[in-house]
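Here are the chains, one letter per residue:
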Amino acid sequence: MLEPAYQVDVVIVGAGIAGLSAAHRLTSAGMTTAVLEAAPCPGGRMSTEKVDGFRLDRVGQLLSTSYPELRLAPGLGSLTLRRFAPGVLLHRDGRMHRAGAPAAGGSARGALHVVRALASAPRSPASSPGRTGAPVGGAVDQARLGTALGRIAATPVERLLSRPELPATQALAARGVPARTVDGFLRPLLAALLCDPELTTSSRCADLALHSFASGRLCVPEGGAEVLPELLAGALPAGTVRTGVRATSVSTTSVTTAEHGVIRCRAVLVATDARAAAELLPGLRVPDFHPVTVVHHTTDEPAAAFATGTSLLLDADRGGPVAHTAVVSNVDPSRAPAGRLLISSTVLGTPPDGVDTAVRIHLARLYGTSTRRWETLAVHHTPEAVPVMRAPHDLRRPVRILAGLYVCGDHRDTSTVQGALHSAHRAASAILTDLGAAGSLHRADPAPNLPKAA
C-alpha cells in the first residue's frame, strides 16, 4: 500500500497548556493530531518540583475561578481549584488588613475607572497622609472599594477593551484614583496578578486582571501547577503526545525534527514559548519578560500560629523583596506532607543577592514570627517567566501566520493561564476553518509512521 500523502492532520510543536488544549479541540473535531515536546515531560513553565512529599511550583502564577477557559477547555473537567480566602491581606506598618472582597451588585463601569469613586470618600484620620491605618483608608473608603469591585465584576469585557489605553500606573493617576488606594491596594494587587511591580502593563490588561479578581476568587490547582498539563495530556488519545522530540524547522505541510526526520501533515501549530516560537517562525516578535523567583520554605509550626490562614498576603509597604506570600499548604493540603507547612513566596523582578536570606528577613516581618528554624526547600528563578504586556498591547495577536501555519501561547493574548488557553481556542478554530471540520481524510490509511511516545 502506498504511503499516505501525510502522516497526521495537524502537528503541534510544544506540549504546554496551549498546545495540549488545542490538541483536544482538534481531536474532538476528528483531526488526527501529534503533539511534539522537546522536554522529557509536558507542561512547559507550568511545572511542579516534588521534594520529600512537597509539591513546589516553579513559577506559581495565580489563577482565578472566573477564568472562562478553565471551564471551557476540553480535558479540564476534573480539575480541582483550591481557593484563597476572599480578597487579600495587606501588610502595612506591622499590621494586616483584609481588603478586596467585592460587594454585590453595582452598575457596569470601567474597571480602573470606577475606583476613582474612592476619591470622594471623606478622609478619616487613619487615611490622611502618613502611612498609618488601613492601606486604603478608613471604613468609608473600604466600603466604597467593595462597591467598586462589585461594579467591576459586572462590567462587560468588551467595554473594558474599548477604553483608552495607557500604562496602568498612568491610567490610575489619569482616572483620579487616590494615591492611598493605588499604593495601599491596587499596586500590590496588580503586581501580584500581572507579575509587574512597576505597573508598566497596558491598562486594558490591568482592567481584565481586576475584572477576574472581582468576578471570582484567587486560586491554585490542587496538587500543583503541573496538574493542568497532566490532565490535558492524559485525556488525549494514547500516543498523541511525543516527548523528547525537538522540532528544528516548520512549514505549512511538515515539521522537521532532530530525532525522527520529517513528519508530513496538513497544518502546523507552533505552541511553544515566545522565544522558541520566533526561532521556528523568523520575524515573530519576541516580547520582553518579567522575571519571577519563587522561594519555598517549610516549618513544623502549627498552622494556628499563622494568622493569615488561607489568605494571600501582599506587602503594601514594599519593604522587602517579597511581593506576595501564602501558607500554601493551608490552601491546598496536598502540597505538603502531614505535620509540615509549605510557605511559598514570590519575588518579582531581578532578585537581590542572597535572595533566601533577604526573603527570610522580610517574611519574619510580614508574618510576625521568627523564620530562623524554617527550612528552605527550593529557590526557583525563571528569567523569562511572564511576557510583558506594555501599552499598546494587542490582546488578540494573530494566530494564523498563513494558511497551514499557526501559532498560539500566552504571548498571543494575555500573559495568563486564561490567555494561553484562549489563544489555543482561537488557533484551533482557525485550523478547523481552514482545513474543514469533517475529520481526517486518511482514516483508512496505515497507522501514522510517527516517533513512539517517550
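The structure we're discussing is the one just above.
Description of the structure in this document. Quick caveat, the model's predicted, so the values are computed rather than measured. (Residues numbered from 1 in each chain as written. Predicted model: local features only at pLDDT ≥ 70, side-chain atom pairs only at ≥ 80, totals over all residues. Heavy atoms only, no water.)

**Regarding the environment of threonine 169**
The cut-off we apply is this: Runs of E in the DSSP output that reach at least two residues are strands. Runs of H or I that reach at least four are helices, and both are numbered from the N terminus. Only protein chains enter the area calculation, which uses a 1.4 Å probe; residues under 20% of their type maximum are buried, those over 50% are exposed, and those in between are partly exposed. Contacts are assigned to residue pairs that have any heavy atoms within 4.5 Å of one another. Any pair of nitrogen or oxygen atoms within 3.5 Å is treated as a polar contact; in protein, a donor-acceptor pairing is required on top of that, and neighbouring residues in sequence qualify only through side-chain atoms on both sides.
Along the chain, threonine 169 turns up in helix H6 (residues 168-174). Among the residues examined, threonine 169 registers a relative accessible area of 30% and is labelled partly exposed. Expressed as a C-alpha distance, the spacing of threonine 169 and leucine 199, which sit 30 residues apart in the sequence, is 5.4 Å. Discounting chain neighbours no more than four positions away, the residues touching threonine 169 are Arg187, Glu198 and Leu199. A polar contact of 3.4 Å, which involves the side chain of threonine 169, links it to the side chain of arginine 187.

**With respect to the sheet that holds strand E15 (residues 313-315)**
Quick note on the threshold: Strand pairing is assigned whenever DSSP identifies at least 2 bridges connecting the two strands. Axis lines are fitted to C-alpha atoms, over the contacting stretch for helices. Their N-to-C directions set the angle, which ranges from 0 to 180 degrees.
Strands sit in the order E8-E7-E15-E16-E17-E14-E18 across an open sheet of seven strands; the sheet is mixed. Each edge of the open sheet is held by one strand with a lone partner, namely strand E8 (95-99) and strand E18 (375-387). Each strand axis lies, on average, 25° off the axis of its neighbour in the sheet, ignoring direction. With eight bridges joining them, strand E14 (residues 289-299) and strand E17 (residues 341-348) adopt antiparallel strand pairing. Of the residues in E17, the one forming a bridge with valine 295 is serine 345. Packed on one face of the sheet, helix H12 (residues 355-367) meets strand E7 (88-92), E8, E14, E15, strand E16 (322-327), E17 and E18 and runs near 65° to E16.

**Considering helix H1 (residues 17-28)**
Applied cut-off: Here the expected length of a helix is defined as 1.5 Å per residue gap, with one fewer gap than residues.
The terminal C-alpha atoms of H1 lie 16 Å apart, and with twelve residues this matches the ideal 16 Å at 1.5 Å per residue to within 8%. Burial within H1 is extensive, with ten of its twelve residues counted as buried. Those residues of H1 not exposed but buried are Ile17, Ala18, Gly19, Leu20, Ser21, Ala22, Ala23, His24, Arg25 and Leu26. One or two steps after H1, the chain reaches glycine 30, where phi turns positive at roughly 95°.

**Focus: the nonpolar core**
What counts here: Note on terminology: a nonpolar core comprises buried Ala, Val, Leu, Ile, Met, Phe, Trp, Tyr and Cys residues joined through side-chain atoms within 4.5 Å.
Formed by 41 residues in total, the largest nonpolar core has its most connected members in Ile12, Leu70 and Val417. Going through the elements one at a time, strand E1 (8-13), H1, helix H9 (227-234), strand E13 (261-270) and helix H13 (417-435) are the ones with two or more residues in this core. Among the elements that line this core, the one with the most residues is H13, at nine residues. In this structure, leucine 70 is in contact with Leu63, Ser64, Leu76, Leu79, Leu81, Leu228, Val417 and Leu421, ignoring residues within four places of it in sequence. Core analysis: the second largest hydrophobic core is formed by 39 residues, Leu62, Phe84, Val136 and Phe185 among them.

**Here's the deal with the packing of H1 against H13**
Keep this limit in mind: If you view the pair so one helix is near and one far, a crossing is left-handed when the near helix is turned anticlockwise from the far one by less than a right angle, and right-handed when it is turned clockwise. Under the grouping applied here, Gly and all other residues not named as nonpolar or charged are polar, the nonpolar ones being Ala, Val, Leu, Ile, Met, Phe, Trp, Tyr, Cys and Pro and the charged ones Asp, Glu, Lys and Arg.
Packing of H1 against H13 leaves a shortest axis separation of 8 Å and a crossing angle of 40°. For the pair H1 and H13, the crossing hand works out as right-handed. Judged by residue contacts, Ile17, Ala18, Ser21, Ala22, Arg25 and Leu26 of H1 engage Val417, Ala420, Leu421, Ser423, Ala424, His425, Ala428, Ile431 and Leu432 from H13. In the contact of H1 with H13, the residues fall into eleven nonpolar, three polar and one charged.

**Describing the pairing of strand E3 (residues 48-51)**
Here E3 pairs with strand E4 (residues 54-57) via four bridges, running antiparallel. Paired with valine 51 across the bridge in E4 is phenylalanine 54. In sequence, E3 turns back onto E4 through a hairpin of two residues, with aspartate 52 there showing a positive phi of about 50°.

**Regarding the packing of helix H4 (residues 139-154) against helix H8 (residues 203-215)**
Condition: The scheme is simple: roughly parallel for angles under 35 degrees, roughly antiparallel for over 145, roughly perpendicular for 65 to 115, oblique for anything else.
One way to put it is that H4 packs onto H8 with a least axis distance of 8 Å and a crossing angle of 105°. Here H4 lies roughly perpendicular to H8, going by the angle between them. Listed contacts from H8 to Leu149, Ile152 and Ala153 of H4 are Leu210, His211, Phe213, Ala214 and Ser215.

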